[in-house]
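Letter by letter, the chains look like this.
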Amino acid sequence: MNAEEFTDLKKRAEGGDVKSMTAFGKVLIAGADGRAVHLPSGARYIARAAEKGDAEALAQQAILVAAGIQNPPDWDRALEMLQRAAQTGWLPAQEQLRFLADGSGENFDHLRKRIDVASWLRPPETKVVCEWPRMLIARRLMRDGECARVIEKARGKLRRAGIYDLETGAETVVDERSNSKAELSLLDIDVPFVMLIARMSSMLGLPSQFFEPTNVLHYAPGQEFKPHHDFLSTNEPGLAANVKALGQRIVTLLVYLNDRYEGGETRFPQLNYAFKGAAGDALMFGNVNAKGEPDERTLHAGTPPLSGEKWVLSQWVRNRPAVLEQQQQAS
């Protein structure tokens, strides 16, 4: 979208065209085409379109309400909006209600009432496998259907994964990392995904506002991510600038989305430990020590699958809500 198209869309949205309100709100939320993210402003346009009954806006606002953007999460209100979007004919909202209710049909009021929110938000028990650096595993953090839905959301967005350049902080492609990834923004997720984020937050005991955008990683046979750290070294200028702006990565959460592949363990060479979860299983580890300093022992590698393809959800957590703060300050 060029500057002229952006201005024209904004004019139509401000003039009261409902579809333009929704479209412009999404542009502001996404920070499209290199523009700054204006999350609160985008949310206001979405809310105005939802008030006028636009189905897509209702579904998008349900995500914002569930995620607690600007206000505490309100699951009842979010599901009510999702139901209204479904009744207005928005097919993605209908699919979400059926998925969450584990039901079928067109009675969306009945489907909404069947949704057990507490069950969807309840995290599994965790098991400590290493005291320091702190490392835990959890079985069945995600259900099979969730894993399949996340893979499908990511499949069309995959691109070659990179790493931060030590000097500039920009993402760069290197031989040490040959897998692909998809980053999921607020416009790529839905209410079931927000429930997953809330469940991960509860299990970690860390606010979801500290979460980076979720990444989904894909490894074809032979693809790997050689030994690396997830913390950002403040001794490197590009990484130090990132930490100053967004905070340090203190925790990594990996959820294995499938299990029909050979090899592909997550390996910690300094700890003599490797983990390969079944679909839905999670591995969590701290990247810093008790003083908040980077812990070199967290060196790890995504080893290559020998056959089959490997899908992993990767969630990095910072030590402050810098990502969301930056979005809000941009408006």
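Residues numbered from 1 in each chain as written. Predicted model: local features only at pLDDT ≥ 70, side-chain atom pairs only at ≥ 80, totals over all residues. Heavy atoms only, no water.

Draft legend 1. Molecular detail of the sheet that holds strand β6 (residues 180–184). A sheet is described by the order of its strands in space; here eight strands give the open sequence β1-β2-β13-β9-β16-β7-β6-β3, paired in antiparallel fashion. With one partner strand each, in any of the chains shown, β1 (126–130) and β3 (159–160) form the two edges of the open sheet. Two strands pair when backbone bridges link them, and strand β2 (residues 135–138) and strand β13 (residues 282–286) are joined in this way by four bridges, in the antiparallel orientation. Note that in β13 the partner of M135 across the bridge is F285. Each of β6, β7 (214–219), β9 (249–256) and β16 (310–318) is contacted by helix α9 (residues 144–155), which is oriented at about 85° to β16, the strand it contacts most. Across the sheet, helix α10 (residues 191–204) is in contact with β1, β2, β6, β7, β9, β13 and β16; its angle to β16 comes to roughly 60°. (Pairing = 2+ DSSP bridges. Helix = DSSP H or I, 4+ residues; strand = E, 2+ residues; numbered from the N terminus. Contact = heavy atoms within 4.5 Å. Axes fitted to C-alpha atoms, helices over the stretch in contact; angles between N-to-C directions.)

Draft legend 2. Here's a closer look at the environment of L9. Inspection of the secondary structure assignment puts L9 in helix α1 (residues 3–14). Accessibility expressed as a relative area gives 5% for L9, which makes it buried. With 69 residues separating them in the primary sequence, L9 and A78 have C-alpha atoms 27 Å apart. Residues contacting L9, with those up to four places away along its chain left out, are M1, S20, A23, F24 and V27. (Buried < 20%, exposed > 50% of the residue type's maximum accessible area, 1.4 Å probe, protein only.)

Draft legend 3. Structural context of the sheet that holds strand β14 (residues 300–302). Pairing is antiparallel in the open sheet, where four strands are placed in the order β8-β14-β11-β12. Each of the sheet's edge strands pairs with one partner strand only, and the pair in question is β8 (225–228) and β12 (273–275). Sheet twist, expressed as the average angle between the axes of neighbouring strands with direction ignored, equals 15°. Note: β8 against β14, two bridges, orientation antiparallel. Bridge pairing links F225 to G302 in β14.

Draft legend 4. Region of the structure containing the pattern of salt bridges. Taken as a whole and assessed by the stated rule, the structure comprises 21 salt bridges. For K157, the salt bridge identified is with D188, shortest N-O distance 3.4 Å. Placement of K157 in the loop between α9 and β3 and of D188 in the loop between β6 and α10 is noted, with a sequence separation of 31 residues between them. Given a relative accessible area of 21%, D188 falls into the partly exposed group. A salt bridge links K181 to E171, with the nearest nitrogen and oxygen atoms 3.3 Å apart. Here K181, found in strand β6, pairs with E171, found in strand β5 (residues 171–172); they are 10 residues apart in sequence, far enough to count as distant. For E171, a relative accessible area of 38% corresponds to the partly exposed category. (Salt bridge = Lys/Arg side-chain N within 4 Å of Asp/Glu carboxyl O.)

Draft legend 5. Examining the pairing of β13 more closely. The element β13 is largely enclosed, with a buried count of five among its five residues. Residues of β13 alternate between two faces, with A282, M284 and G286 on one and L283 and F285 on the opposite face, all of them buried. Of the pairings in the sheet, the one linking β9 to β13 comprises five bridges and is antiparallel in character. Its bridge partner being in β13, V255 is matched across the sheet by A282.

Draft legend 6. Representation of the confidence of the model for the protein chain within the structure. Averaged over every residue, the pLDDT of the protein chain is 94; the share at 70 or more is 95%. This model gives residues 323–331 a pLDDT under 50, and the stretch forms 19 contacts once residues within four places in sequence are excluded. (pLDDT = per-residue confidence, 0-100.)

Draft legend 7. Molecular detail of unusual backbone geometry. W132 connects to P133 through a cis peptide bond whose omega is 0°. One can find P133 in the loop between β1 and β2. Even without being glycine, R140 reaches a positive phi, approximately 60°. In this structure R140 comes out as partly exposed when scored by relative accessible area, which is 44%. Even without being a glycine, N272 presents a positive backbone phi close to 55°.

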